[in-house]
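# What the coordinates show
The residues making up each chain are set out below.
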Amino acid sequence: MNDDERRRAGTRVRRQVLGNAHVDRAEAGTNAFTAEFHDLIKRYAWGEIWTRPGLDLRARRILVIGTLLALGRWEEFEMHVRGALEEGGFSAGDVKEIVLQQAIYCGVPAAPAALTRVEGILRTAAGTQPRRVTRKGKTAKQR
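Scope of this entry: the structure provided in the associated data block. (Residues numbered from 1 in each chain as written. Predicted model: local features only at pLDDT ≥ 70, side-chain atom pairs only at ≥ 80, totals over all residues. Heavy atoms only, no water.)

In the structure shown here, the tally under the stated rule is 12 salt bridges. Residues Lys42 and Glu27 are paired through a salt bridge, measuring 3.8 Å at the closest nitrogen-oxygen approach. Of this pair, Lys42 sits in helix 3 (residues 35-49) while Glu27 sits in helix 2 (residues 20-28); the two residues are 15 residues apart in sequence, bridging distant segments of the chain. Its relative accessible area of 18% is what places Lys42 among the buried residues. Given the relative accessible area of 32%, Glu27 is considered partly exposed. Taking the shortest distance from any N to any O, the salt bridge between Asp94 and Arg58 comes out at 3.5 Å. (Salt bridge = Lys/Arg side-chain N within 4 Å of Asp/Glu carboxyl O. Helix = DSSP H or I, 4+ residues; strand = E, 2+ residues; numbered from the N terminus. Buried < 20%, exposed > 50% of the residue type's maximum accessible area, 1.4 Å probe, protein only.)

See the structure below:
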């Protein structure tokens, strides 16, 4: 594959993973100073790595979300969680399982920060507040 093919494939998979609105915003924000970086990630990250046949997009999403949580790269974490929920067919429960798995291997302090961010994304998407659970495992409405 040449650079133009990688660029096209990268743009296609990036739109599939993060959604058209996100990619359109990112491309609109590209300027002379950032253009080379955007071209690099389009060709290499998206066009070379995300398009490899060894893992499907779901597995790659799980790895990326878990890695970003481990690194505390919250802006990218939120971007990929939104993409997984809106474009990737992930449920809130799927994302919660990723966070719980990572809590054990990345350190428990990473999990509350991640859960807080996921809850914010879910509230924004649904326009609601998550139900609070009591110590006995019941939500406020179930009591």
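Moving on from the model shown.
Among the secondary structure elements, Asp39 is positioned in helix 3. Each C-alpha atom of the pair Asp39 and Asp3 lies 9.8 Å from the other, and the pair is 36 residues apart in sequence.

Geometry of a packed helix pair, given as the angle between the helix axes and the separation of the axes. Relative to each other, helix 1 (residues 3-18) and helix 3 sit at 75 degrees, their axes nearing to 7 Å. Between helix 1 and helix 3, the crossing angle belongs to the class labelled roughly perpendicular. Only Asp39, Ile41, Lys42, Arg43, Trp46, Gly47 and Glu48 of helix 3 make contact with helix 1, whose side of the interface consists of Asp3, Arg6, Arg7, Ala9, Gly10, Thr11, Val13, Arg14, Val17 and Leu18. Looking at the contact of helix 1 with helix 3 residue by residue, the classes come out as 6 nonpolar, 3 polar and 8 charged. (Axes fitted to C-alpha atoms, helices over the stretch in contact; angles between N-to-C directions. Parallel < 35°, antiparallel > 145°, perpendicular 65-115°, else oblique. Contact = heavy atoms within 4.5 Å. Nonpolar A, V, L, I, M, F, W, Y, C, P; charged D, E, K, R; others polar.)

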